[in-house]
Amino acid sequence: MSIEKGPNFLEEIVAEDVKNGKHGGRVLTRFPPEPNGYLHIGHSKSICLNFGLAQEFGGKTNLRFDDTNPVTEDTEYVESIKNDIRWLGFNWANEFYASDYFEQLYECACELIKKGLAYVDDSTAEEIAAMKGTPTEPGKNSPYRDRSVEENLDLFARMRAGEFKDGDKTLRAKIDMASPNMHFRDPLMYRIRHVPHHRTGKKWCIYPMYDYAHGQSDSIENITHSICTLEFEVHRPVYDWFIEKLNIFPSHQYEMARLNLTYTVMSKRKLLQLVNEKHVSGWDDPRMPTLSGYRRRGYTPESIREFCDRIGVARRENMIDVGLLEYFIREDLNKSANRVMVVTDPIKLIIDNYPEGQVELLPGENNPEAEDKGGTREIPFSKELWIERDDFMEEPTKKYFRLGPGLKVRLKHAYILECVSFKKDEAGNVTEIHCNYFPESKSGHDTSGISVKGVIHWVSAAQAINCELRMYDRLFIPEDPSNAEGDFKDHINPNSLEVISNAYAEPELKKAKAGDKFQFVRKGYFCMDPDSTADNPVFNRTVGLKDSWAKEAGKK
RNA sequence: UGUCCUAUGGUGUAAUGGUAACACUGCAGAUUUUGAUUCUGCCUUUCUAGGUUCGAAUCCUGGUAGGACAACCA
């Protein structure tokens, strides 16, 4: 956790509990995902918090799948979740499932029935909703509320035995239909679902509800600090009620604000829609805020952990600038990613006074920011090069210090060039740039005495390898797509992916493997995609470099 | 016209009754064979009205604003 920052409110609570010897000073947290979707960056806040808190105070963390709704859950999700947590860099003490506790939960329910604290209700979903009242009006008691213990026990056993159809009966806690807290108005404990479960198969046809399962699961595992998001705050009295009535281990729930990111949607329901309706290529589409999406995009676990640590934890709603996440991945990759030159929008440059057919191998530092500079590679240099179309301006402005008629520029790792002429097609597009080079200006051996302000990247045409670049931008146009007018999908950015199929890279990139990360000099950080083939290497743009020139140029 | 939660620069988060700070963003400059990185400086902050106190971002009361809660979802 953060060192330079004060402790967050949860660290304070845990520190106080440890100091006071609560639970013998033991700390056990849990991360409780429902296996009905892939983990996203919001989950990583919870993961970093739960695992981080335990690490900080010498405790442990369980992974518990909250699998009480077989309709939406699947082992595919279980596997992806485990994979993503490991990737983020955390190891759980135990892998548990709420479904492991179905039998115990059933027995607890019988106990509550015997205590007169639960009853079988024959009302339909509509009737139950109608009797629930509203936040400002009290509800009404169900006509089945006062069944005898014997009848309830019998009915509940027959529910389990499969004698009733889906929806025919529920088991409800008998609390207070007039409570100002809606969750106290006889919450449902069990519903009938004749649906096989991803782990228990056909063993059960009644499944516990979240409110009945979650707290007891925590309690069964002896969880000391159960952290969840703010929307569960009103559930806490129910959480405590079951624990108290059952007289079991007193786990305690603490709530914190969820993570919201600008230009991002973060609900699994919405992400599932994006996947199902093919707005993205899958859960791991590099535009998705899922951990698998970020991984494919080229984000590192370190950068995400750092992000989660630095955004802090509090109880007020927040909206974090996605630019902060980008800051952390740039910070990480700046130190770790090797540099390589790739021309994304090529234009031919010919050095008139360079010998025909000559090829020089010039050394290039792989990473000036790394401690050992990342070693060097050899970059072929010759008479014909590709340079960036942007790096030539027919009528250069005063502040432009790249190439233009009569202007001099440095080719990175190579020579200084002076532009002597250029050709255009009928449409007026520049097709070819001619330059002379200064042989004594070679990088590292420059005795020319010429000083230039601009440095551009380049690729030797004969040795260039062709590659595909996937240039990603934010998936949504508005800052807060979930609260924008209309459906969130109306606000998808139509230009969130631009594919460049004719980029030229220096031959060094032939060695790249899927997942390898690079800085394409002056362009941004890129990560090789698994879609790559020998003929068509594919690179995802993780994030661009900061670009104060674009800002300057944009001012006009 | 219910219950509960929250309110500190543009965005987050600290300050735990004693000089409002840190990061990001923005702006300006220095350095630079990446208009990157790095470095320096600057801008901008306690929702409001009362009260308690020698002293309030912090405690109390009222107001205002935002959020959560009426799934056989979690």
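Located above this text is the structure these notes cover.
Residues numbered from 1 in each chain as written. Chains lettered and ligands numbered in written order. Predicted model: local features only at pLDDT ≥ 70, side-chain atom pairs only at ≥ 80, totals over all residues. Heavy atoms only, no water.

It is possible for side chains of opposite charge to pair when their charged atoms get near one another. The full count for this structure, using the stated rule, is 50 salt bridges. Put simply, Glu163 and Arg158 hold a salt bridge, and the shortest N to O gap is 2.7 Å. Between Arg296 and Asp284 there is a salt bridge, and its shortest N-O distance comes to 3.4 Å. Note that Arg296 is positioned in helix α10 (residues 291–297) and Asp284 in the loop between α9 (268–276) and α10, a separation of twelve residues in sequence. Taking the relative accessible area as the measure of exposure, Arg296 reaches 16% and is therefore buried. The structure contains a network of salt bridges with shared partners spanning Asp284, Arg296, Glu468, Arg470, Asp529 and Asp531. (Salt bridge = Lys/Arg side-chain N within 4 Å of Asp/Glu carboxyl O. Helix = DSSP H or I, 4+ residues; strand = E, 2+ residues; numbered from the N terminus. Buried < 20%, exposed > 50% of the residue type's maximum accessible area, 1.4 Å probe, protein only.)

Turning next to the sheet that holds strand β7 (residues 206–208). The strand order across the open sheet formed by four strands is β4-β5-β6-β7, and the pairing between neighbours is antiparallel. In this open sheet, the two edge strands, each paired with only one partner strand, are β4 (118–121) and β7. Each neighbouring strand pair of the sheet contributes to a mean axis angle of 20 degrees, computed without reference to strand direction. Bridge count for strand β6 (residues 188–192) against β7 is three bridges, and the pairing is antiparallel. Pairing of Ile192 across the sheet is with Ile206, part of β7. Contacts from helix α6 (residues 149–161) reach β4, β5 (170–173), β6 and β7, with the element oriented near 60 degrees to β4. (Pairing = 2+ DSSP bridges. Axes fitted to C-alpha atoms, helices over the stretch in contact; angles between N-to-C directions. Contact = heavy atoms within 4.5 Å.)

The subject of this paragraph is the side chain of Asn493. Residue placement: Asn493 occurs in the loop between β21 (465–472) and β22 (497–505). The exposure class of Asn493 is buried, given its relative accessible area of 8%. Looking at Asn493, its side chain comes within polar contact range of the main-chain nitrogen of Asn495, at 2.9 Å. Setting aside its immediate chain neighbours within four residues, Asn493 contacts Asp473, Arg474, Leu475, Phe476 and Ile477. (Polar contact = N/O pair within 3.5 Å; in protein donor to acceptor, adjacent residues only side chain to side chain.)

This brings us to the protein's contact with RNA strand B. Taken together, 69 residues sit near RNA strand B, with Glu12, Arg339, Arg402, Ser443 and Gln519 positioned nearest. If you look at RNA strand B and keep only atoms within 4 Å of the protein, 61% of those are sugar or phosphate atoms. Residue Pro135 places a main-chain N or O atom 3.0 Å away from a base nitrogen belonging to RNA strand B. The separation between a base nitrogen of RNA strand B and a polar main-chain atom of Gly167 is 2.9 Å. Looking at the surface near RNA strand B, the elements that each hand over two or more residues are β6, α11 (301–311), α12 (322–336) and α13 (548–554). Classifying every residue of the surface near RNA strand B gives 25 nonpolar, 20 polar and 24 charged. (Near = heavy atom within 4 Å. Nonpolar A, V, L, I, M, F, W, Y, C, P; charged D, E, K, R; others polar.)

What the rule picks out here adds up to 30 aromatic pairs. Chaining the aromatic ring pairs together yields one cluster made of Phe102, Tyr106, Phe156, Tyr190, Trp204, Tyr207, Tyr212, Trp241 and Phe242. The ring of Tyr97 has Arg199 sitting right over it, with the charged end atom 3.5 Å from the ring centre. Taking the ring centre of Trp87 as reference, the NZ or CZ of Arg295 above it sits at 5.2 Å. (Phe/Tyr/Trp six-rings, centres within 6.5 Å; stacked < 30°, edge-to-face > 60°. Lys NZ or Arg CZ within 6 Å of the ring centre and 35° of its normal.)

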